[in-house]
Structures are given as structure tokens and as C-alpha cells.
Amino acid sequence: MSSTEAESGGDNTPDPTAPPSTTPPVDPTFAGPAAASADAPAVTPEPYTPPATPVSEWARPVEGAEPPVVPPAQTYPFPQPPPPFGGQPATGQPEAYPPPPGAFPPPGAFPPPGAYPPPGAYPPPGAYPPPGAYLAGAYPQPGQYAVPGWPPPPATPASRRRGGVLAVVIIAVAAAIMLLCGASINRVVDRANDTVDHGYADDEPFTLPSGFAFPTEPTTAPTVESTGPQASETAAKDIYDLHQVCDENVYFPNSPKRSGKAPHPVVLLTKDGPDSVRWQNPVYYLTDEGTSDADEATWASRDPAKVQMAACLDWTSAGSKIRTCKYDDPKPDTVTLYRATWRLRVYEVATHRLLLDKKLNGDETTCPFSTLVGTDKKIYAAISDHLAITSLRNLVKK
């Protein structure tokens, strides 16, 4: 037992007038190893009895005593970030936690009560029309849309008139479109015909099927019963009427004679077999003479009223074999090319006067690009365009 306890007679009751001590009370029943002695008798520790005075009274400061020193806020062991605006300090922080500068808005940052909304935030009075002020007809009128399943109301005279005018306009527009389309189609057909007539065909001449007849108006040309030429009672209306000059000993007195200044228009009418149909070669002059309209009117006119001479070119006989030609379209086929003899006769259309009668040998000795093949698988060397032009040039240009 300590000396203090001995002097106080073992009374552990604190003096209420004494200042609080920061030294915790010593348990009198505990004795450390230093206090133990081999000669001392064994001491039985007494159980600890808590004091009757409440602990709150221990911590009550004595009147006139100095208050305990409280560390400043910035030295707390666990600093926390400042609370958000309007919030509360975090748990465990003292209520006197001072907010940092700028944590609260400065005076006047918020408008006073009743200042909302700011000027112009809402439309002024009268900006929107009052109820019932919308224009008439802006919305469907009553009865404009019928109830499903009910027949529509009868059309008024005004609506019928509008429908009739609309129908007339639609029909007029459709008719105009049809006329434009028809004109375009006719133009395309004419251009296609011109292209065919003026094309640079490498496979000319060609042979049409036997018995093929061109649609021509019947003429009053007499049958060949006499040996002399016969005059036609009507003028030639088509180039194919001039075939009668070559095959039927007929002439057309209304046609122009070969007279006056050159050039003298001529047409080349070819027949490349005894059973073939005579046809006009419209492209033989292009390479040697030109492609202008004047060249066409001179060498291959399509107007019989302007033609002065008819050149009749006929295949007469075959010669020896030249070569074998092979073709793949429409199916593989092989034909034999033979030499051929041709006869060129030139008549004045207006009088049937013979201006030229000449024998020509076919000079197209290469395989043609395309050809019509008969059952005999034979083709014959044709007259080249250059040879035809050379044979006719003096009669046309002089």
C-alpha cells in the first residue's frame, strides 16, 4: 500500500473541492512484482468496487478553473474536405468546422424571393390568342371526315367542276407526253434507218431469201412481150420501181435525162444470184466519194424522181475455188468461196438507152465477215465498192 493511502486512512473518496487530477486512480488491490516479497504474507486481492460518484461529476469543471485547451480545427488528426454548399459536416467532424473561403456564395448571388422569372422568360400578356381566336378553316370542319363505314356525302357542283377541270388537265398532259414519245420514237427509227443506209458494211453485197418481195404499189408497166423497151404509164414512186429498168425492159419518160452539167445521179441495183431479189446498194460510194448529202444524192439517191441512170449489176457465172471459210455463229459451219463473173449495165431511166455494158470479175477474194449460206455451202467473190465506183465514175462525173 502506498504512503498516500496510509495517510488518508485508506479512504478513496475524492475531495470535491480539489481540482481534477489527470493521473488515473490506482487500484489498491493490484500489487506488481516489485512489491512482492518472499517474507511478506500472501495478500488476497479485494474485488474492485466502482465509486459512487458518477463519472460526469468527475469531468465537471470546478468553478473558476481554466477550461481545457482545445486544439485548433486545422490540426485535427483526420482532416476532411469542406462540406458541399448547403450540406452538413461529415460524421465525426466538429460542428464548429470552419468553411474555407468561397464555400458559400457571396451576398447578392441569388435573386431575392419573388424575383423569378427574369424579364423575358415568359411571353408578355396577349402573346397567344385567346380561346376561339384561331382562323376559320385551319382545322377540318365538322363532317369533313365521315365516320368509317358511312358513304361519303355527295359532291357539290363546285367540287364536280374542279374534278372535271382536273381530269381535262390530266388528259391534256398525257396526250402531250404521248405525242412527244411518238415523235422521239419516230426520230430514233429515222436515225436508225439513216445509220443502216449510210453504214460502212463490210459484208455487202448480201442475198435476200428467194421469193422475197418488197411492198410496192402496182404499176401499169407492160409485160415483156416485145423485144423493144416499153414506156411506163406512171412515174416511178419508189426506188424499187426502177428494178423494171433492169429486168423488165421498161423506162420512165417522166424521169430526168442524162444531160446538162455533171454530176448525173445514179443508183446501183444488184442481183447476186438467179433466184435473188434485186436490191439497192446504199453504201458503196462512202469510202471513195464521201458521206455528205450531196454525195448521197449523186450515188445512192432514194428519190426516183431525181435519178438519171440505173446501174444493173448481175452475177452471171462461177469460177474456180478460191478458199474455204469457217464461221462460228450461229453455229460452226464451213463454206467454199469461188470466183465469179459479173455483168454491169447502165441505162438512162428516161429512155432505157444503154450507156454501159461491161463484164467484171469479182475482186473480193477474202472471206466476207458475214454472209448468207445456201444448202450448197457455196459463196462467190463479190464486186468491191472501189471497182463499182471506178466503173461508174466517168458516167457520173462527166
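Everything below is about the structure printed above this text.
A short tour of the structure in this document, coming up. (Residues numbered from 1 in each chain as written. Predicted model: local features only at pLDDT ≥ 70, side-chain atom pairs only at ≥ 80, totals over all residues. Heavy atoms only, no water.)

Turning our eyes to something else, we now look at a nonpolar patch on the surface. A grouping of Val165, Val169, Val173 and Ile177 is seen on the molecular surface, where their side chains present a nonpolar patch of about 340 Å² in accessible area. Isoleucine 177 gets classed as partly exposed once you look at its relative accessible area, which sits at 47%. (Patch = residues over 30% accessible without salt bridge, like charges linked within 9 Å, V, L, I, M, F, W, Y side chains within 5 Å. Areas by Shrake-Rupley, 256 points an atom, 1.4 Å probe, with all protein chains shown as cover. Salt bridge = Lys/Arg side-chain N within 4 Å of Asp/Glu carboxyl O. Buried < 20%, exposed > 50% of the residue type's maximum accessible area, 1.4 Å probe, protein only.)

Taken as a whole, this structure holds 9 salt bridges when the rule is applied. Between arginine 278 and aspartate 314 there is a salt bridge whose closest N-O contact spans 2.6 Å. With a gap of 36 residues between them, arginine 278 in the loop between β3 (266–271) and β4 (279–280) and aspartate 314 in strand β5 (residues 309–327) connect regions that are remote in the sequence. With relative accessibility at 3%, the residue arginine 278 sits in the buried group. For arginine 343, the salt bridge goes to aspartate 357, with nearest N and O atoms at 2.8 Å. Here aspartate 357 lies in strand β7 (residues 354–361) and arginine 343 lies in strand β6 (residues 333–348), a separation of 14 residues in the sequence. By relative accessible area, arginine 343 is classed as partly exposed at 37%. One salt-bridge network, in which partners are shared between bridges, spans Asp247, Arg278, Asp314 and Arg345. (Helix = DSSP H or I, 4+ residues; strand = E, 2+ residues; numbered from the N terminus.)

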